[in-house]
Amino acid sequence: MRKVKDLRKWIAYYDEAERLVEEVALALEYYKEEITTEEEVDDAYRRAIHLFEEVELKNMLRAEEDNLGAVLKINAGAGGTESQDWASMLARMYARWCDKQGYKTTITNWQDGDEAGIKTMTMQVEGDQAYGFLKSETGVHRLVRISPYNAQGKRMTSFASVFVVPLVDDTIEVEVNPANMSWDTFRSSGAGGQNVNKVETGVRLRYKYKDPDTGEEEEIIIENTETRSQTDNRENALRLLRSQLYDKELERRRKAQAEVEAGKKKIEWGAQIRSYVFDDRRVKDHRTGYQTSNVTAVMDGDIDEFIKAYLMEFAGKDEE
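Cut-offs and rules
- Residues numbered from 1 in each chain as written.
- Predicted model: local features only at pLDDT ≥ 70, side-chain atom pairs only at ≥ 80, totals over all residues.
- Heavy atoms only, no water.
- Helix = DSSP H or I, 4+ residues; strand = E, 2+ residues; numbered from the N terminus.
- Contact = heavy atoms within 4.5 Å.
- Areas by Shrake-Rupley, 256 points an atom, 1.4 Å probe, with all protein chains shown as cover.
- Pairing = 2+ DSSP bridges.
- Phe/Tyr/Trp six-rings, centres within 6.5 Å; stacked < 30°, edge-to-face > 60°.
- Buried < 20%, exposed > 50% of the residue type's maximum accessible area, 1.4 Å probe, protein only.
- Patch = residues over 30% accessible without salt bridge, like charges linked within 9 Å, V, L, I, M, F, W, Y side chains within 5 Å.
- Salt bridge = Lys/Arg side-chain N within 4 Å of Asp/Glu carboxyl O.
- Lys, Arg positive; Asp, Glu negative; His and termini not counted.
- Charge placed at Lys NZ, Arg CZ, Asp CG, Glu CD.
- Axes fitted to C-alpha atoms, helices over the stretch in contact; angles between N-to-C directions.
- Parallel < 35°, antiparallel > 145°, perpendicular 65-115°, else oblique.
- Left-handed = near helix turned anticlockwise from the far one by under 90°.
- Nonpolar A, V, L, I, M, F, W, Y, C, P; charged D, E, K, R; others polar.
- Core = buried A, V, L, I, M, F, W, Y, C linked by side-chain atoms within 4.5 Å.
- Polar contact = N/O pair within 3.5 Å; in protein donor to acceptor, adjacent residues only side chain to side chain.

Q: Could you clarify how one ought to interpret the overall build of the protein in this entry?
A: Scanning the protein for helices and strands turns up eight helices and eleven strands. For the protein, restricting intrachain contacts to residue pairs at least 6 apart in sequence, the fraction spanning at least 24 positions comes to 64%. Accessible surface, the protein as shown: approximately 17700 Å² in total, 47% of it carbon and sulfur.

What follows is the structure, given as C-alpha coordinates:
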(Lines give C-alpha, C1' and ligand atoms only; values in the text may rest on other atoms or scores of the structure.)
Protein backbone atom coordinates (compact mmCIF):
# COMPACT_ATOMS: atom_id res chain seq x y z
CA MET A 1 0.00 0.00 0.00
CA ARG A 2 2.88 2.34 0.73
CA LYS A 3 4.42 1.69 -2.71
CA VAL A 4 1.05 2.22 -4.39
CA LYS A 5 0.60 5.49 -2.50
CA ASP A 6 4.05 6.66 -3.57
CA LEU A 7 3.39 5.84 -7.23
CA ARG A 8 0.04 7.61 -7.14
CA LYS A 9 1.75 10.69 -5.71
CA TRP A 10 4.09 10.93 -8.71
CA ILE A 11 1.25 10.31 -11.16
CA ALA A 12 -0.71 13.11 -9.49
CA TYR A 13 2.32 15.40 -9.85
CA TYR A 14 2.53 14.58 -13.55
CA ASP A 15 -1.17 15.21 -14.12
CA GLU A 16 -0.98 18.53 -12.30
CA ALA A 17 2.14 19.57 -14.23
CA GLU A 18 0.48 18.71 -17.52
CA ARG A 19 -2.60 20.73 -16.57
CA LEU A 20 -0.56 23.79 -15.57
CA VAL A 21 1.50 23.68 -18.78
CA GLU A 22 -1.72 23.59 -20.79
CA GLU A 23 -2.99 26.59 -18.81
CA VAL A 24 0.16 28.55 -19.67
CA ALA A 25 -0.17 27.69 -23.37
CA LEU A 26 -3.86 28.60 -23.34
CA ALA A 27 -3.23 31.87 -21.48
CA LEU A 28 -0.57 32.79 -24.04
CA GLU A 29 -2.95 32.10 -26.94
CA TYR A 30 -5.66 34.20 -25.28
CA TYR A 31 -3.14 36.99 -24.73
CA LYS A 32 -2.26 37.00 -28.43
CA GLU A 33 -5.95 37.30 -29.21
CA GLU A 34 -6.18 40.10 -26.59
CA ILE A 35 -8.64 38.10 -24.46
CA THR A 36 -6.40 37.97 -21.35
CA THR A 37 -3.79 40.31 -19.88
CA GLU A 38 -0.04 39.85 -19.63
CA GLU A 39 -0.42 39.62 -15.83
CA GLU A 40 -2.68 36.58 -16.21
CA VAL A 41 -0.08 34.87 -18.41
CA ASP A 42 2.63 35.63 -15.86
CA ASP A 43 0.45 34.28 -13.06
CA ALA A 44 -0.14 30.97 -14.89
CA TYR A 45 3.59 30.72 -15.59
CA ARG A 46 4.49 31.31 -11.93
CA ARG A 47 2.10 28.56 -10.79
CA ALA A 48 3.65 26.10 -13.24
CA ILE A 49 7.23 26.97 -12.27
CA HIS A 50 6.37 26.67 -8.56
CA LEU A 51 5.08 23.13 -9.08
CA PHE A 52 8.08 22.08 -11.20
CA GLU A 53 10.49 23.35 -8.53
CA GLU A 54 8.55 21.52 -5.82
CA VAL A 55 8.62 18.24 -7.75
CA GLU A 56 12.29 18.68 -8.62
CA LEU A 57 13.08 19.12 -4.93
CA LYS A 58 11.13 16.02 -3.90
CA ASN A 59 12.82 14.07 -6.69
CA MET A 60 16.19 14.72 -5.01
CA LEU A 61 15.07 12.54 -2.09
CA ARG A 62 15.57 9.15 -3.71
CA ALA A 63 17.34 7.20 -0.96
CA GLU A 64 15.45 4.52 0.98
CA GLU A 65 15.71 6.40 4.26
CA ASP A 66 14.58 9.74 2.80
CA ASN A 67 10.92 8.71 2.94
CA LEU A 68 11.04 7.95 6.67
CA GLY A 69 10.20 10.15 9.63
CA ALA A 70 13.01 11.70 11.64
CA VAL A 71 14.41 11.90 15.15
CA LEU A 72 15.83 15.37 15.79
CA LYS A 73 18.04 15.98 18.82
CA ILE A 74 19.36 19.35 19.95
CA ASN A 75 22.17 19.78 22.50
CA ALA A 76 23.27 23.10 23.96
CA GLY A 77 26.98 23.78 23.62
CA ALA A 78 29.39 25.22 26.12
CA GLY A 79 28.39 28.66 27.30
CA GLY A 80 25.81 28.13 30.02
CA THR A 81 22.52 30.01 29.91
CA GLU A 82 23.20 31.74 26.58
CA SER A 83 23.77 28.45 24.73
CA GLN A 84 20.84 26.81 26.49
CA ASP A 85 18.60 29.67 25.41
CA TRP A 86 19.90 29.27 21.84
CA ALA A 87 19.08 25.55 21.93
CA SER A 88 15.49 26.33 22.92
CA MET A 89 15.23 28.87 20.09
CA LEU A 90 16.30 26.20 17.61
CA ALA A 91 13.75 23.79 19.11
CA ARG A 92 11.04 26.39 18.52
CA MET A 93 12.27 27.02 14.97
CA TYR A 94 12.05 23.34 14.02
CA ALA A 95 8.69 22.92 15.74
CA ARG A 96 7.33 25.84 13.69
CA TRP A 97 8.76 24.38 10.47
CA CYS A 98 7.23 20.96 11.18
CA ASP A 99 3.88 22.57 11.88
CA LYS A 100 3.99 24.36 8.50
CA GLN A 101 4.74 21.05 6.77
CA GLY A 102 1.84 19.34 8.51
CA TYR A 103 4.17 16.91 10.29
CA LYS A 104 3.28 15.33 13.62
CA THR A 105 5.84 16.05 16.34
CA THR A 106 6.34 14.38 19.70
CA ILE A 107 8.81 15.55 22.35
CA THR A 108 10.39 12.38 23.78
CA ASN A 109 12.99 14.05 25.99
CA TRP A 110 13.28 17.59 27.34
CA GLN A 111 15.77 18.81 29.93
CA ASP A 112 15.38 22.40 31.06
CA GLY A 113 18.39 24.67 31.35
CA ASP A 114 19.72 25.93 34.66
CA GLU A 115 18.16 29.41 34.34
CA ALA A 116 16.56 29.49 30.89
CA GLY A 117 16.38 27.46 27.70
CA ILE A 118 17.17 23.76 27.46
CA LYS A 119 20.18 21.51 27.87
CA THR A 120 18.90 18.89 25.45
CA MET A 121 15.75 17.99 23.54
CA THR A 122 14.69 15.04 21.40
CA MET A 123 11.74 15.29 19.03
CA GLN A 124 10.13 12.66 16.81
CA VAL A 125 8.89 13.97 13.47
CA GLU A 126 6.39 11.84 11.58
CA GLY A 127 5.45 12.64 8.00
CA ASP A 128 6.26 12.00 4.37
CA GLN A 129 9.98 12.56 3.64
CA ALA A 130 10.60 14.21 7.01
CA TYR A 131 14.11 12.73 7.26
CA GLY A 132 14.90 13.57 3.64
CA PHE A 133 14.33 17.25 4.34
CA LEU A 134 15.69 17.46 7.89
CA LYS A 135 18.94 15.56 7.24
CA SER A 136 20.37 18.84 5.95
CA GLU A 137 20.09 20.28 9.49
CA THR A 138 22.62 17.94 11.11
CA GLY A 139 25.55 19.97 12.36
CA VAL A 140 26.59 22.82 14.60
CA HIS A 141 24.49 25.99 14.54
CA ARG A 142 26.17 29.25 15.63
CA LEU A 143 24.41 32.27 17.12
CA VAL A 144 25.93 35.75 17.36
CA ARG A 145 23.93 38.41 19.24
CA ILE A 146 24.00 40.91 22.07
CA SER A 147 23.11 38.62 24.93
CA PRO A 148 20.20 39.53 27.22
CA TYR A 149 21.96 37.47 29.89
CA ASN A 150 25.10 39.61 29.81
CA ALA A 151 24.97 42.67 32.09
CA GLN A 152 27.58 44.52 29.98
CA GLY A 153 25.50 44.05 26.81
CA LYS A 154 28.38 42.38 25.02
CA ARG A 155 28.11 40.57 21.70
CA MET A 156 28.34 36.86 22.38
CA THR A 157 28.72 33.70 20.31
CA SER A 158 26.85 30.54 21.22
CA PHE A 159 26.68 27.06 19.75
CA ALA A 160 24.15 24.23 19.67
CA SER A 161 24.40 20.92 17.84
CA VAL A 162 21.59 19.34 15.86
CA PHE A 163 21.61 15.61 15.14
CA VAL A 164 19.03 14.01 12.83
CA VAL A 165 18.54 10.27 12.20
CA PRO A 166 15.80 8.37 10.33
CA LEU A 167 12.80 7.27 12.41
CA VAL A 168 12.45 3.59 11.60
CA ASP A 169 9.08 1.91 11.19
CA ASP A 170 7.91 -1.68 10.92
CA THR A 171 9.20 -1.99 7.36
CA ILE A 172 12.82 -1.54 8.47
CA GLU A 173 14.59 -4.52 10.01
CA VAL A 174 17.20 -3.64 12.61
CA GLU A 175 18.97 -6.22 14.77
CA VAL A 176 19.09 -5.33 18.46
CA ASN A 177 21.05 -7.62 20.80
CA PRO A 178 19.22 -7.79 24.18
CA ALA A 179 22.45 -8.84 25.87
CA ASN A 180 23.93 -5.42 25.10
CA MET A 181 21.06 -3.50 26.72
CA SER A 182 20.62 -2.22 30.26
CA TRP A 183 17.91 -0.02 31.75
CA ASP A 184 17.73 2.70 34.41
CA THR A 185 14.60 4.45 35.65
CA PHE A 186 14.27 7.93 37.10
CA ARG A 187 11.67 10.50 38.03
CA SER A 188 10.73 12.74 35.13
CA SER A 189 10.72 16.51 35.33
CA GLY A 190 8.75 19.12 33.46
CA ALA A 191 5.26 18.83 32.03
CA GLY A 192 3.15 15.76 32.69
CA GLY A 193 1.36 16.29 35.99
CA GLN A 194 2.15 15.45 39.59
CA ASN A 195 2.40 11.72 38.92
CA VAL A 196 5.48 12.28 36.75
CA ASN A 197 7.51 13.56 39.65
CA LYS A 198 6.32 10.94 42.16
CA VAL A 199 6.83 7.80 40.11
CA GLU A 200 9.95 6.68 38.24
CA THR A 201 8.38 6.77 34.78
CA GLY A 202 11.43 8.10 32.92
CA VAL A 203 13.68 5.46 31.37
CA ARG A 204 17.32 5.50 30.34
CA LEU A 205 18.43 2.86 27.85
CA ARG A 206 22.11 2.01 27.57
CA TYR A 207 23.25 -0.03 24.58
CA LYS A 208 26.79 -1.28 23.91
CA TYR A 209 27.39 -0.92 20.19
CA LYS A 210 30.36 -2.49 18.42
CA ASP A 211 31.26 -1.39 14.92
CA PRO A 212 31.40 -4.57 12.80
CA ASP A 213 34.13 -3.11 10.57
CA THR A 214 36.50 -1.40 12.99
CA GLY A 215 35.63 -3.22 16.21
CA GLU A 216 35.34 0.11 18.01
CA GLU A 217 32.87 0.13 20.88
CA GLU A 218 30.64 2.94 22.09
CA GLU A 219 27.72 3.30 24.46
CA ILE A 220 24.46 4.64 23.07
CA ILE A 221 22.34 6.34 25.74
CA ILE A 222 18.68 7.16 25.11
CA GLU A 223 16.40 8.87 27.63
CA ASN A 224 12.64 8.92 27.23
CA THR A 225 10.20 10.85 29.40
CA GLU A 226 7.39 11.21 26.87
CA THR A 227 4.55 9.63 28.85
CA ARG A 228 3.60 8.78 32.43
CA SER A 229 3.79 5.08 31.54
CA GLN A 230 7.16 3.43 32.05
CA THR A 231 6.12 0.65 29.65
CA ASP A 232 5.30 3.11 26.87
CA ASN A 233 8.54 4.99 27.47
CA ARG A 234 10.50 1.73 27.21
CA GLU A 235 8.84 0.87 23.91
CA ASN A 236 9.60 4.27 22.45
CA ALA A 237 13.19 4.19 23.72
CA LEU A 238 13.63 0.92 21.84
CA ARG A 239 12.26 2.52 18.70
CA LEU A 240 14.71 5.40 19.06
CA LEU A 241 17.53 2.89 19.56
CA ARG A 242 16.55 1.09 16.37
CA SER A 243 16.57 4.44 14.58
CA GLN A 244 20.12 5.18 15.71
CA LEU A 245 21.34 1.69 14.81
CA TYR A 246 19.72 2.04 11.39
CA ASP A 247 21.50 5.36 10.91
CA LYS A 248 24.83 3.72 11.79
CA GLU A 249 24.17 0.99 9.23
CA LEU A 250 23.44 3.66 6.60
CA GLU A 251 26.72 5.35 7.49
CA ARG A 252 28.56 2.05 7.02
CA ARG A 253 27.03 1.70 3.56
CA ARG A 254 28.11 5.20 2.61
CA LYS A 255 31.68 4.50 3.69
CA ALA A 256 31.72 1.17 1.89
CA GLN A 257 30.63 2.92 -1.32
CA ALA A 258 33.17 5.70 -0.71
CA GLU A 259 30.48 8.35 -0.89
CA VAL A 260 31.84 11.52 0.59
CA GLU A 261 29.92 14.77 0.43
CA ALA A 262 32.34 17.44 -0.70
CA GLY A 263 31.90 20.42 1.55
CA LYS A 264 29.95 18.67 4.28
CA LYS A 265 31.64 19.53 7.53
CA LYS A 266 32.36 17.33 10.48
CA ILE A 267 30.06 17.84 13.44
CA GLU A 268 32.32 19.48 15.96
CA TRP A 269 32.65 22.84 17.65
CA GLY A 270 34.26 25.36 15.35
CA ALA A 271 32.92 23.62 12.22
CA GLN A 272 29.45 25.15 12.16
CA ILE A 273 27.17 24.56 9.20
CA ARG A 274 25.13 27.72 9.65
CA SER A 275 25.54 31.09 11.37
CA TYR A 276 22.71 33.26 12.69
CA VAL A 277 23.97 36.82 13.21
CA PHE A 278 21.15 38.81 14.76
CA ASP A 279 22.90 42.21 14.85
CA ASP A 280 23.73 42.14 11.14
CA ARG A 281 20.37 40.57 10.30
CA ARG A 282 21.97 37.68 8.45
CA VAL A 283 21.62 33.91 8.42
CA LYS A 284 24.17 32.10 6.24
CA ASP A 285 24.70 28.44 5.43
CA HIS A 286 28.43 27.80 5.11
CA ARG A 287 28.02 24.68 2.97
CA THR A 288 25.95 26.16 0.17
CA GLY A 289 26.59 29.88 0.57
CA TYR A 290 22.85 30.59 0.69
CA GLN A 291 21.94 33.46 3.02
CA THR A 292 19.01 35.69 3.91
CA SER A 293 18.52 38.90 5.86
CA ASN A 294 15.08 37.90 7.16
CA VAL A 295 16.25 36.54 10.52
CA THR A 296 12.77 36.79 12.07
CA ALA A 297 11.21 34.58 9.39
CA VAL A 298 13.97 31.98 9.76
CA MET A 299 13.50 31.77 13.53
CA ASP A 300 9.76 31.34 12.88
CA GLY A 301 10.51 28.20 10.87
CA ASP A 302 11.03 29.56 7.36
CA ILE A 303 14.04 27.38 6.50
CA ASP A 304 12.79 25.85 3.22
CA GLU A 305 15.29 27.74 1.06
CA PHE A 306 18.21 26.51 3.19
CA ILE A 307 16.98 22.93 2.87
CA LYS A 308 16.41 23.32 -0.86
CA ALA A 309 19.87 24.78 -1.45
CA TYR A 310 21.46 21.89 0.42
CA LEU A 311 19.49 19.19 -1.40
CA MET A 312 20.11 20.69 -4.83
CA GLU A 313 23.86 20.77 -4.19
CA PHE A 314 24.41 17.55 -2.28
CA ALA A 315 21.53 15.11 -2.83
CA GLY A 316 22.56 14.35 -6.41
CA LYS A 317 26.13 13.66 -5.27
CA ASP A 318 24.79 11.20 -2.71
CA GLU A 319 23.10 9.25 -5.48
CA GLU A 320 26.21 9.23 -7.66
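Q: Please explain the sheet that holds strand S4 (residues 139-146) as it appears in this structure.
A: By definition, the strands of a sheet pair up through backbone hydrogen bonds, in either a parallel or an antiparallel sense. Spatial ordering of the open sheet is given by S2-S3-S1-S5-S4-S9-S10-S11, a layout of eight strands whose pairing is mixed. Each of the sheet's edge strands pairs with one partner strand only, and the pair in question is strand S2 (104-112) and strand S11 (291-292). Pairing analysis gives four bridges linking S4 to strand S9 (residues 274-277), with the strands arranged parallel. Within S9, the position partnered with Leu-143 by the bridge is Tyr-276.

Q: Whenever I open this one, the packing of aromatic side chains confuses me. Can you help?
A: For any pair of aromatic rings, the description rests on two quantities: the centre-to-centre distance and the angle between the ring planes. Across all of its chains, the model carries four aromatic pairs by this definition. Taking 5.0 Å as the distance between ring centres and 85° as the angle between the ring planes, the aromatic pair formed by Tyr-290 and Phe-306 counts as edge-to-face. Of this pair, Tyr-290 sits in the loop between strand S10 (282-285) and S11 while Phe-306 sits in helix H8 (residues 304-319), placing them 16 residues apart in sequence. Given the relative accessible area of 1%, Phe-306 is considered buried.

Q: Help me understand the pairing of S9, please; the structure alone is not making it clear to me.
A: Moving residue by residue along a regular strand, the side chains alternate between the two faces of the sheet. Alternating residues of S9 divide into Arg-274 and Tyr-276 and Ser-275 and Val-277, and every residue in both groups is buried. Bridge count for S9 against S10 is four bridges, and the pairing is antiparallel. Paired with Ser-275 across the strands is Lys-284, a residue of S10. The hairpin formed by S9 and S10 contains four residues between the paired strands, and Arg-281 there has a positive phi angle of roughly 50°.

Q: In this structure, what is going on with a negative patch on the surface? I would like to understand it.
A: On the surface, Glu-38, Glu-39, Glu-40 and Asp-42 cluster together into a patch of negative charge. On the basis of relative accessible area, Glu-39 is assigned to the exposed category, the value being 56%.

Q: Explain the packing of helix H1 (residues 2-32) against helix H2 (residues 38-59) to me, please; I cannot follow it from the model alone.
A: Helices that pack against each other are described as a pair by the angle of their axes relative to one another and the distance between those axes. Here H1 crosses H2 at 160°, and the two axes come no closer than 9 Å. With respect to each other, H1 and H2 are oriented roughly antiparallel. Considering only the axes of H1 and H2, their crossing is left-handed. On H2, the residues that touch Trp-10, Tyr-13, Glu-16, Ala-17, Leu-20, Val-21, Glu-23, Val-24, Ala-27, Leu-28 and Tyr-31 of H1 are Glu-38, Val-41, Ala-44, Tyr-45, Arg-47, Ala-48, Leu-51, Phe-52, Glu-54, Val-55, Lys-58 and Asn-59. Its residues assigned to classes, the contact of H1 with H2 comprises 16 nonpolar, one polar and six charged.

Q: Is there a simple way to think about the environment of Asp-213 in this case?
A: Examined against the element boundaries, Asp-213 turns out to sit in the loop between strand S7 (202-210) and strand S8 (217-224). In sequence terms Asp-213 and Arg-252 are 39 residues apart; their C-alpha atoms lie 8.4 Å from each other.

Q: Hey, could you run me through the nonpolar core in this one?
A: In summary, soluble globular proteins display a tendency toward joint burial of nonpolar side chains. Grouped together as the largest cluster of nonpolar side chains are 41 residues, with contacts concentrated most on Ile-74, Leu-90, Tyr-94 and Tyr-276. Looking at this core element by element, the count peaks at nine residues for helix H3 (residues 81-101). With 13 residues, the next largest nonpolar core counts Val-165, Ile-220, Ile-222 and Leu-245 among its residues.

Q: I tried to follow the pairing of strand S3 (residues 118-126) on my own but got confused; where do I start?
A: Of all nine residues in S3, seven are buried; the element is thus mostly enclosed. In the sheet, strand S1 (residues 69-76) pairs with S3 via six bridges, with the strands oriented antiparallel. Note that in S3 the partner of Val-71 across the bridge is Gln-124. Sheet analysis places S2 next to S3, joined by eight bridges and oriented antiparallel. Directly across from Lys-104, in S3, lies its bridge partner Glu-126. With antiparallel pairing between neighbouring strands as the criterion, S2 and S3 make up a hairpin whose turn holds five residues, including Gly-117 at a positive phi of roughly 70°.

Q: Please clarify how the side chain of Glu-223 should be interpreted in this entry.
A: Looking at where Glu-223 falls in the secondary structure, it is placed in strand S8. Of note is the side chain of Glu-223, whose polar atom sits 2.7 Å from the side chain of Gln-111. Among all residues touching Glu-223, those that are not within four sequence positions of it are Thr-108, Asn-109, Gln-111, Phe-186, Val-203 and Arg-204.

Q: I keep staring at the sheet that holds strand S6 (residues 181-186) and nothing clicks. Help me out?
A: Taken together, the three strands give an open sheet; going across it, the order is S6-S7-S8, and neighbouring strands pair in antiparallel fashion. Each edge of the sheet is formed by a strand with only one pairing partner; in this case those strands are S6 and S8. Averaged over all pairs of adjacent strands, the angle between their axes in this sheet comes to 20°, without regard to strand direction. Across six bridges, S6 lies against S7 in antiparallel orientation.

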